[in-house]
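# Structure at a glance
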Amino acid sequence: MVAAAATAAFLPIASSASDSSAKTSGALGGSIPTRVDACGTGFKPNSSAPRNIQVKANAHAPHKVNGTKVGVMDGLKTEDEVTSSHAPRTFINQLPDWSMLLAAITTIFLAAEKQWMMLDWKPRRPDMLADPFGLGRIVQDGLIFRQNFSIRSYEIGADRTASVETLMNHLQETALNHVKTAGLLGDGFGSTPEMCKRNLIWVVTKMQVVVDRYPTWGDVVQVDTWVAASGKNGMRRDWLVRDSNTGDILTRASSLWVMMNKETRRLAKIPDEVREEIGGYFVDSLPVVDEDSRKLPKLNDGNADYIHAGLTPKWSDLDVNQHVNNVKYVGWILESVPLPILETHELAGMTLEYRRECRRDSLLQSLTSVVSNSVGDLANSGYVECQHLLRLEGGAEIVKGRTEWRPKYSSRVESWGELPAGSA
């Protein structure tokens, strides 16, 4: 009805052309005037035309619809037509044209307003207003990069908390965004323009992670990251993860990186040109995690308690440098952790040493040895330490590691700092 009303406002209803022609011919005696003055307010008939023709005082120039003139005869009505050509009187016909147009516009506006009010776009929690799009920014004199992450439903596990792989992905994402925001990102996974010229890429050699508490679905975490020098040819990157609402520290991580030639797959020194690019961003600070200098024992078929074989990288496991992403190694290592530990304990910290890269056609095995095990009795269960090895089926080592596990129920009252002396 709104569409019909809006149409009627623009196109007045008139009688058909044949009827109008017949009536006009009878009234005018076969003579049709052809001149209407420019203002449309008067009419100059031929001398032979009858005198009983009424002219509308407010007649306007003919309208055009799709380039065709219509309504030429609307201004010419005989006395009989004035009384007989009126359309049936209805509510719509009684309204002026502008009223019909206004009614149509109002109806459309109210319908659109109703649909807009049904959209629930407002954030449900005040803490989600901080950096809602997670773009990140550089703070503290341009040396620290900060980015927020909202924990999604698909990032939590069976314990209803974010998985360790989720946290590791957040660390990696902030590292790359730090390089990008600083204007140092070239054609590579974190490579600078000078590194790209020399086919150099960064590879991680050691990673230490300490988790005080895992965030849960809907939490917003704030990740700070920065870089520092490590020896002559290395770089250290640290992360600090906080609850953006309370400011509590959730995770601390520190890593060591070296350069590798992308073509030869051999380690390389840091060129002076690259050092000039990144040297201005180095922070003079201690690692956020004390280095675990304990030697990782070598596992084999004889001393490993659990072995998970047949692990094969998929295409989706590769990064832009065509080797397996280091976060994927964490998931493979946990594949051989016994189920009773996974059910009753949560990962409190880990130390990983990366020995070599893994390619798409590799076939791997995950080995785990439980050093201390008191999982059987939940009332007396304590911290558990495990040693790990990820290797190729031919025996070559990919990653060696150590993990610390704490009882799940104790995470609310105890922290990593209360672990026995000598822990990571």
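Here's a quick rundown of the structure.

Right, let's get into the environment of K206. For K206, the location among the structural elements is in strand β7 (residues 200-211). When its relative accessible area of 11% is taken as the criterion, K206 is described as buried. Each C-alpha atom of the pair K206 and E353 lies 4.6 Å from the other, and the pair is 147 residues apart in sequence. Setting aside chain neighbours within four positions, we find K206 in contact with S254, S255, L256, E291, D292, T351, L352, E353 and Y354. A polar atom in the side chain of K206 sits 3.0 Å from the backbone oxygen of D292.

By size, the foremost hydrophobic cluster in this structure holds 56 residues, and its most contacted members are M168 and Y329. Look past the residues within four positions of Y329 in its chain and what remains in contact with it is V324, Y354, R356, E357, C358, L390, I398 and V399. Ranked by size, the runner-up nonpolar core spans eight residues in total, among them V139, I144, W226 and L240.

This next bit is on the side chain of R402. Among the structural elements, R402 can be located in strand β16 (residues 397-407). There is a polar contact of 3.3 Å between the side chain of R402 and the backbone oxygen of K295. Dropping the residues within four chain positions of it, R402 is found in contact with D292, R294, K295, L296, P297, G349, M350, T351, E385, C386 and H388.

In this section: the pairing of β16. Burial of β16 is extensive: 11 of the 11 residues sit out of reach of the surface. The sheet contact formed by strand β13 (residues 345-354) and β16 spans nine bridges and is antiparallel. Each residue of the ladder has a partner; that of M350, found in β16, is T403. Of the pairings in the sheet, the one linking strand β15 (residues 384-392) to β16 comprises eight bridges and is antiparallel in character. Along β16, the bridge assignment pairs V384 with W405. The hairpin formed by β15 and β16 contains four residues between the paired strands, and G395 there has a positive phi angle of roughly 110°.

Quick look at the packing of aromatic side chains now. One pass over the full model with this rule turns up two aromatic pairs. Ring geometry for Y329 against Y354: centres 5.7 Å apart, planes inclined by 45°, an arrangement best described as tilted. Note that Y329 is positioned in helix α9 (residues 326-334) and Y354 in strand β13, a separation of 25 residues in sequence. Both residues of the pair, Y329 and Y354, count as buried. Aromatic ring contacts, followed pair by pair, group Y329, W332 and Y354 into a single cluster.

As for its placement among the helices and strands, E194 is situated in helix α7 (residues 193-197). A distance of 3.4 Å separates a polar atom in the side chain of E194 from a polar atom in the side chain of K197. Here the side chain of E194 touches R198 through a polar contact of 2.6 Å, side chain to side chain. Once residues within four sequence positions are removed from consideration, E194 is found in contact with E273, V274 and E277.

On to α9. Summarising burial for α9: eight of the nine residues are buried, a large majority. Looking at α9, one finds that the buried residues are N326, V327, Y329, V330, G331, W332, I333 and L334. The N-cap residue of α9 is N325: its side-chain oxygen and the backbone nitrogen of V327 are 2.9 Å apart.

It is worth spelling out the pattern of salt bridges at this point. Where charged atoms from two side chains of opposite charge approach closely, those side chains can pair. On inspection of all chains with the given rule, the structure shows 23 salt bridges. Linking R242 and D224 is a salt bridge whose minimum nitrogen-to-oxygen distance equals 3.3 Å. Separated by 18 residues along the polypeptide, R242 in strand β9 (residues 234-243) and D224 in strand β8 (residues 220-230) bring together distant segments of the chain. D224 sits in the buried class, given a relative accessible area of 4%. The salt bridge partner of E397 is R355, with a shortest N-O separation of 3.3 Å. A residue pair is termed long-range when its members are at least 10 positions apart, and E397 in strand β16 and R355 in the loop between β13 and β14 (364-370) qualify at 42 residues. Connected through salt bridges with shared partners, the residues D292, R294, E385, R402 and E404 form a single ionic network.

Rules of the game
- Residues numbered from 1 in each chain as written.
- Predicted model: local features only at pLDDT ≥ 70, side-chain atom pairs only at ≥ 80, totals over all residues.
- Heavy atoms only, no water.
- Helix = DSSP H or I, 4+ residues; strand = E, 2+ residues; numbered from the N terminus.
- Buried < 20%, exposed > 50% of the residue type's maximum accessible area, 1.4 Å probe, protein only.
- Contact = heavy atoms within 4.5 Å.
- Polar contact = N/O pair within 3.5 Å; in protein donor to acceptor, adjacent residues only side chain to side chain.
- Core = buried A, V, L, I, M, F, W, Y, C linked by side-chain atoms within 4.5 Å.
- Pairing = 2+ DSSP bridges.
- Phe/Tyr/Trp six-rings, centres within 6.5 Å; stacked < 30°, edge-to-face > 60°.
- Salt bridge = Lys/Arg side-chain N within 4 Å of Asp/Glu carboxyl O.

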